[in-house]
Amino acid sequence: METVIEVRNLVKKFGSFVANDHLNFDVYQGEIFGFLGANGAGKTTAMKILCGLSSPTSGEAKVAGFDIYKETEKVKRNIGYMSQKFSLYEDLTVAENIRFFSGVYGISPADRKEKQDKLLKDLGLESAKDSLIGSLPLGWKQKLAFSVAIFHDPKIVFLDEPTGGVDPITRRKFWDLIYEASDRGITVFVTTHYMDEAEYCNRVSIMNAGRIEALDTPENLKKQYSAKNMDEVFLKIARNTE
Amino acid sequence: MFRDTGYKYAAMITIQHISKAYKNVQAITDISLEVQKGELFGLIGPDGAGKTTLMRILMTLLIQDKGTATMNGFDVIKDYKKIRNMVGYMPGRFSLYQDLTVEENLNFFATVFKTTVAENYELIRDIYIQIEPFKNRLAGKLSGGMKQKLALSCALIHKPEILILDEPTTGVDAVSRKEFWEMLKNLQQKGITILVSTPYMDEATLCNRVALMQKGKVLDIDTPRNLVEGYTRKLYAIRSNDMHRLILDLRSYEKTDSAYAFGQYLHVTGKDDEVEATEFENYLLKKDHHELQVFDIAPTIEDVFMELLREVE
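Residues numbered from 1 in each chain as written. Chains lettered and ligands numbered in written order. Predicted model: local features only at pLDDT ≥ 70, side-chain atom pairs only at ≥ 80, totals over all residues.

Points about the overall build of chain A
- For chain A, the count of helices and strands is nine helices and 10 strands.
- Classification of the 242 residues of chain A by burial places 43% in the buried group.
- Across chain A, every contact between residues at least 6 apart in sequence was considered, and the portion connecting residues at least 24 apart equals 68%. (Helix = DSSP H or I, 4+ residues; strand = E, 2+ residues; numbered from the N terminus. Buried ≥ 20, exposed ≤ 12 C-beta atoms within 10 Å, placed from the backbone. Contact = placed C-beta atoms within 7 Å.)

Considering the interface of chain B and chain A
- Taken together, the contact between chain B and chain A spans 26 residues of the former and 27 residues of the latter.
- Of all the secondary-structure elements, those providing two or more residues to the side of chain B that touches chain A are helix 5 (144-156), helix 6 (174-189), strand 12 (256-262) and helix 10 (301-312) of chain B.
- Considering each element in turn, the side of chain B that touches chain A owes the most residues, four residues, to helix 10 of chain B.
- Residues belonging to the side of chain B that touches chain A are distributed by class as follows: 12 nonpolar, 11 polar and three charged. (Nonpolar A, V, L, I, M, F, W, Y, C, P; charged D, E, K, R; others polar.)

Points about the nonpolar core
- In this structure, Val157(A), Val188(A), Leu58(B), Ile164(B) and Leu266(B) are the most contacted members of the largest nonpolar core, which totals 150 residues.
- Ranked by residue count, the leading element in this core is helix 5 of chain B, at seven residues.
- The two domains that each donate at least three residues to this core are domain 1 (2-229) and domain 2 (236-297) of chain B.
- For Val188(A), the contacting residues outside a window of four places in its chain are Ile32(A), Phe33(A), Val157(A), Leu159(A), Ile178(A), Ala181(A) and Ser182(A). (Core = buried A, V, L, I, M, F, W, Y, C linked by C-beta atoms within 7 Å. Domains from an automatic or database assignment.)

Digging into the environment of Ala198(A)
Residue and element names in this part refer to chain A.
- Along the chain, Ala198 falls in helix 7 (residues 195-198).
- When the C-alpha atoms of Ala198 and Thr163 are compared, they prove to be 12 Å apart, with 35 residues separating the residues in sequence.
- Those residues in contact with Ala198 that sit more than four places away from it in its chain are Gly34, Leu36, Thr192, Val204, Pro218 and Met230.

Remarks on the sheet that holds strand 7 (residues 156-160) of chain A
Residues and elements named next belong to chain A.
- Spatial strand order, 6-7-8-3-9-10: six strands in an open sheet with mixed pairing. This sheet does not close on itself; its edge strands, each paired only once, are strand 6 (79-83) and strand 10 (211-216). Averaged over all pairs of adjacent strands, the angle between their axes in this sheet comes to 15°, without regard to strand direction.
- Sheet analysis places strand 3 (residues 32-37) next to strand 9 (residues 203-208), joined by five bridges and oriented parallel. (Pairing = 2+ DSSP bridges. Axes fitted to C-alpha atoms, helices over the stretch in contact; angles between N-to-C directions.)

With respect to the packing of helix 5 (residues 138-149) of chain A against helix 6 (residues 168-183) of chain A
Residues and elements named next belong to chain A.
- At a minimum axis separation of 10 Å, helix 5 and helix 6 run at an interaxial angle of 20°. Taken together, the axes of helix 5 and helix 6 are roughly parallel relative to one another. Where helix 5 crosses over helix 6, the handedness of that crossing is right-handed. Along its contact with helix 5, which presents Leu138, Gly139, Gln142, Lys143 and Phe146, the element helix 6 presents Thr170, Lys173, Phe174 and Leu177.
- Of the residues belonging to the contact of helix 5 with helix 6, the class tally is four nonpolar, three polar and two charged. (Parallel < 35°, antiparallel > 145°, perpendicular 65-115°, else oblique. Left-handed = near helix turned anticlockwise from the far one by under 90°.)

Some details on the confidence of the model for chain B
Residue and element names in this part refer to chain B.
- Looking at chain B, the pLDDT average stands at 92 and 97% of residues meet or exceed 70.
- Across residues 1-9, confidence stays below pLDDT 50; counting only partners more than four residues off in sequence or on other chains, it has seven contacts.
- Quick note on the complex model: pTM equals 0.88, ipTM equals 0.84. (pLDDT = per-residue confidence, 0-100.)

Structure below.
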């Protein structure tokens, strides 16, 4: 299996505070990788580094085969990003959002036209092409946001709490999209506070106080921590923070 | 003061036929409910359900278009000043002064309500003691969990009769969420009536009663236990070694009504509730699923909520 994220002895310090303390892990192509941890455990810091938005203090990492010190622009072109807080522009239309993000990711206008038609057809959103994002139901918005995040066929898509505040049916429909992307070979790197969603990942890492305390399949983690479910695993690892 | 009016209300919060629209968006539609004295009551629902709008009306920060509401017998429009003195509120967004220290924030809120930290310290002691070592730190520099504890301390410092908390656990990790609910249970023991909102379905079971909300409407109100017992569908838990294929295969099976992921299992209902476990099993074995498990399972609040959503849509 091809390794698409490779992290070795990654350290990030803010003054004397160690936000990421010697992280080591690999993520493979097409994998759904759950990146869990308590608030303040260092998840956001690590994600920013992997997205090429922040430099580590020491250590090495490659994302989609590119070095996160020297090749941050190439990293950015080969990843997608979506979060509940930031995804699409509410006061632009569906087509305008697609055009904007295509521009950001360097997709040529000719390619865009073809891909856009296919995307709108697949999502059943052809009639909503000229509607403002703000006027769409949440479920559609989410589908579109995710599709736009992978519009440029990135190797990896980073999802930062993509399902926060969403109703239980829409939340599950979103996971259908994640599975489909993974079937197409896109690696999904996802954070969540819903422990049932941790069960849907191929592998899960759990951070605590800047370190990765556990990394394995949900099945193995449950065995290792003699836990009924991932919620119990998480509580056992992340208790005693702060 | 309200304590001297001589009225005794069993219902601490009454809401009757409340509606509110913002321009062309109907935020809440004809909501009626009561919260009893000493109750821990949950408004459960996703973003856009109308939880915040309802709370802001009760807090006298918004005026409803239709209907009436009272807090401890006082009308939310006429008696807003009295209500503000007896209610503690923790809004969804961090509402404290970021450039004041922990201790300054607490003193500020005590002073606004014409009391002192010392006078009501007993009420907040268990919570505040956890952040007291950082009392000289600016509120803006606190971690998420500590901000939450400070906000709760400030909401309590005037010893409110009613506490209203708008999504206190959103974006909070599973450990801090557990701790927060333990704090709420302790406050309830002290006789405070609590109205709390959350998008996390599993937190419903920690409330005495809940209102399940979606798109401005109340779908149902009851104790978590009654809600779950009222679910009459036959529900199966199913898993195999390939969960994504399992869900696709089940959805394309003519006898499946719904198939949703629930942690390590799928929760599945049949078209009519006559479909037997063995029928699912045989179908899936033919589809070449391995390590197959099919068994009856008791519903959770989330199953109930999803069934209600399906009925509405």
